[in-house]
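A closer look at the structure
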Amino acid sequence: MMIDNNNMGRFFDWLAKPMNQDDINAWYLANNITPELTDLFRDFCISFLNLLKETYLGDDFSENNETKVGMTIEQKKSHFDWC
């Protein structure tokens with residue numbers, strides 16, 4: 001399959017071009033998008049990912065671990081349930 005670089009270039013030009021507010025509102029209306037709900041979903045995703053990063057215990061302990069203490073699967077499950 002041959003990719004037309006001209007079409008790809010036009011697509012990237014279109015993608016990089018800033019949209020005016022009327023066009024954005026038309027996209028929202030055509031696709032039934034509520035901007036406030038997208039902001040809420042974004043905030044939820046960021047909070048969820050931060051919680052995962054802060055509470056993830058890893059698959060197993062490594063030699064670089066300061067305490068050199070591993071946790072059993074039961075302890076990890078208990079910690080996960082607590083979080």
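First, a word on what this report is: a plain description of the structure on this page.

Applying the stated criterion across every chain, the model contains two salt bridges. A salt bridge links Asp43 to Arg42; the nearest nitrogen and oxygen atoms lie 3.2 Å apart. Note on Asp43: relative accessible area 38%, which makes it partly exposed. A relative accessible area of 47% places Arg42 in the partly exposed class. For Asp81, the salt bridge is made with Lys77, and the minimal N-O distance between the two is 3.0 Å. Remark: Lys77 and Asp81 occur in helix 4 (residues 73-82); sequence separation between them is four residues, near one turn of the helix. Lys77 carries the same exposure label as Asp81, and that label is exposed.

Together, Met8, Phe11, Phe12, Trp14, Leu15, Met19 and Trp27 make up a nonpolar patch on the protein surface, roughly 760 Å² of accessible area in all. In terms of residue count, helix 1 (residues 5-16) provides more of the nonpolar patch than any other element does, five residues in total. Among the secondary structure elements, Trp14 is positioned in helix 1. Residue Trp14 is classed as partly exposed on the basis of its relative accessible area of 48%.

Take the packing of aromatic side chains next. The way to describe two aromatic rings as a pair is by their centre distance and the angle between their planes. All chains considered together, the criterion is met by four aromatic pairs. For the pair Phe44 and Phe48, a centre-to-centre distance of 6.0 Å together with 10 degrees between the ring planes defines the contact as stacked. Taken together, the positions of Phe44 and Phe48, both in helix 3 (residues 35-55) and four residues apart, correspond to about one turn of that helix. Look at Phe48 and you get partly exposed, because its relative accessible area is 41%.

Basis of the calculations
- Residues numbered from 1 in each chain as written.
- Predicted model: local features only at pLDDT ≥ 70, side-chain atom pairs only at ≥ 80, totals over all residues.
- Heavy atoms only, no water.
- Salt bridge = Lys/Arg side-chain N within 4 Å of Asp/Glu carboxyl O.
- Buried < 20%, exposed > 50% of the residue type's maximum accessible area, 1.4 Å probe, protein only.
- Helix = DSSP H or I, 4+ residues; strand = E, 2+ residues; numbered from the N terminus.
- Patch = residues over 30% accessible without salt bridge, like charges linked within 9 Å, V, L, I, M, F, W, Y side chains within 5 Å.
- Areas by Shrake-Rupley, 256 points an atom, 1.4 Å probe, with all protein chains shown as cover.
- Phe/Tyr/Trp six-rings, centres within 6.5 Å; stacked < 30°, edge-to-face > 60°.

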